[in-house]
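Now for the letters of each chain:
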Amino acid sequence: MNEKNRVSWPSFGHVGVWYAECTNQAIDVLSIPVIFIQRWWRQRSLPCNQQRINPIILKKDGTQRAHIKYLSHVMERVVFNRKSLHPNREVEAYEKLDGTNLGVRCDGAIYGRRYRIHSDTYQRVRLSGAVPTVVQVIAIKHEISNLLFTYGNERTDTSYKTENEAQILLLPKLVLYGELMCDLRKFSYNARFKDCNFFCFGVVFDPLLSEDSDTVIPFEDMAGLCQRLNNCGLNAEIAPESGRIRVVLSEELHSIVRLAGVQCAPTLDKGPLREVCIRLKQTLLSDGMEGVVLTGKQCLFKWKTSFEDESKGHSMLSGILTKYSEETLEFVGVDISFLKLLMDVATSRSKPRAIRKEEKMTQRLQQKQYASAKSPGPYTISDLEKAMNSATSKYDALDACFDRGERDVIRHDLKKEIVNDLNAVQEEERKCIDSFVNKFVGAAFGKWKKSHLDQ
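Conventions we followed
- Residues numbered from 1 in each chain as written.
- Predicted model: local features only at pLDDT ≥ 70, side-chain atom pairs only at ≥ 80, totals over all residues.
- Heavy atoms only, no water.
- Pairing = 2+ DSSP bridges.
- Helix = DSSP H or I, 4+ residues; strand = E, 2+ residues; numbered from the N terminus.
- Axes fitted to C-alpha atoms, helices over the stretch in contact; angles between N-to-C directions.
- Contact = heavy atoms within 4.5 Å.
- Buried < 20%, exposed > 50% of the residue type's maximum accessible area, 1.4 Å probe, protein only.
- Salt bridge = Lys/Arg side-chain N within 4 Å of Asp/Glu carboxyl O.
- Phe/Tyr/Trp six-rings, centres within 6.5 Å; stacked < 30°, edge-to-face > 60°.
- Lys NZ or Arg CZ within 6 Å of the ring centre and 35° of its normal.

Asker: What exactly am I supposed to notice about the sheet that holds strand β11 (residues 267-272) here?
Answerer: Across a sheet, paired strands are connected by hydrogen bonds in the backbone, their directions being either parallel or antiparallel. Spatially, β11-β1-β12-β13 is the arrangement adopted by the four strands of the open sheet, whose pairing is antiparallel. At either end of the open sheet lies a strand with only one pairing partner, and these are β11 and β13 (299-303). The average undirected angle you get between the axes of adjacent strands in this sheet is 20°. Its contacts with the sheet place helix α8 (residues 273-285) against β1 (90-96), β11, β12 (291-296) and β13, and it is angled at close to 150° to β11.

Structure follows, in structure tokens:
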């Protein structure tokens, strides 16, 4: 039975989707005082006790809100939205590497995106010598503990070492997360990363005290630890539902990880979000990388081109520019030039040269495989292939699953991943995904079986 990864690296959103959602929320909120003013103007000649000028918004008990107090709250929200829409927050940019998510815990346990890994091979990569050792992960935990223990204090006495070692024991279990480079043919990785197969992009603190029980560190204690980590210059965030703490890459964490001899994702830039995006636009549009990760205080976004972006951010951005005038967008605080910059990247159609070459090689096979289909169905082959590429990166290689007799398990897991990825809710959509996954896994299993018969 596969052991699930309960401390997986949390997923995070696309910067274009975030900005589009903030824009839509700001416009929705601003409509409330507009309605209020319109109604007041139309009823201004009536006595106050006869005026009905509230926007149609009710309290939980069904009664209307007091319009003056509520309008004041709404205007505060409008001011907040204007500030949040201004892309001047400080961020650091790192290259988003195209490998597979892998975590190494301080007790030696190794995790893929969904399950714990018990073998020495994952995604056809030999883990021994490729991923950080237990000693290195403990050293990183030691340095974080040292940072927490010495922050705001100057300790020179001889009891420091003993007290700090005790402090380490009080910290929750630490999982070092990074990208395992399982296909060095992509984006010239084989030339750029000859001697490294793992690049750290953050750590997770797990509140679970023991694998054999459900006892966890109280949420209040984890929240306090999260605050102390932020005070020390790290970028930490706690998950309200689980109490896990995620610490994303920053200069401080980068130096701690490098000190332990572990490589981090390549640094690209730092500064205000708007300026960083302007400087990285052409780099992102080139064939040289999968995308960019933007980190900061309470900030973690990915930024990709339309080819790599599966979040449909380009549709949301395009809808905003089509539906609203620039005057309206400026009034609610939208940075028009920043919005258009995100739109330019989101609507680009560039594809890496290696992928274009691979597509040409497989085009005839795809046409033959799906020529008998009576209708295109709810999804295009391109949509399904993108979702499949994303899904297979979260599990072990199919050959390894077949070796362990887990054909039905991996088929079920892939279907579940793609259904979630494509938000499939209709029966027709699920049937289309079922058919695609069955054919995909069946073809891979047939190839695996033939290779064993030939041996």
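Asker: Hey, could you run me through the pairing of strand β8 (residues 198-206) in this one?
Answerer: Taken residue by residue, a regular strand's side chains alternate between the two faces of the sheet. Among the nine residues that make up β8, nine are buried, leaving the element largely enclosed by the rest of the structure. Bridge count for strand β7 (residues 173-180) against β8 is eight bridges, and the pairing is antiparallel. The partner of V175 across the bridge, within β8, is V204. Bridge analysis of β8 against strand β10 (residues 245-248) gives four bridges, and the strand direction is antiparallel. Across the sheet, V204 pairs through a bridge with R246, a residue of β10.

Asker: Hey, could you run me through the pattern of salt bridges in this one?
Answerer: A side chain of one charge can pair with a side chain of the opposite charge when the charged atoms of the two come close. This structure, assessed with the given rule, holds 23 salt bridges. The shortest N-O distance in the salt bridge between K270 and E251 comes to 3.0 Å. On the criterion of sequence distance, the pair formed by K270 in strand β11 and E251 in helix α7 (residues 251-259) is long-range, its members being 19 residues apart. Through salt bridges with shared partners, a single network forms among K96, E290 and K304.

Asker: Hey, could you run me through the packing of aromatic side chains in this one?
Answerer: The relation between two aromatic rings is expressed through the spacing of the ring centres and the mutual angle of the planes. By the definition in use, this model includes 13 aromatic pairs. Seen from their ring centres, F187 and Y189 are 5.8 Å apart, and the 55° between their planes marks the pair as tilted. Here F187 and Y189 have matching classes, each one buried. The interplanar angle of 55° and the centroid separation of 4.6 Å between the aromatic rings of F193 and F199 together place this pair among those described as tilted. Comparing F193 with F199 shows no difference in burial state: the two are buried. A network of ring pairs unites the aromatic residues W18, Y19, F301 and F338 as a single cluster. Geometry around F12 places K302 over its ring, the cationic atom sitting 5.7 Å from the centre. If you follow R407 out to its NZ or CZ, it ends over the ring of F445, 4.0 Å from the centre.

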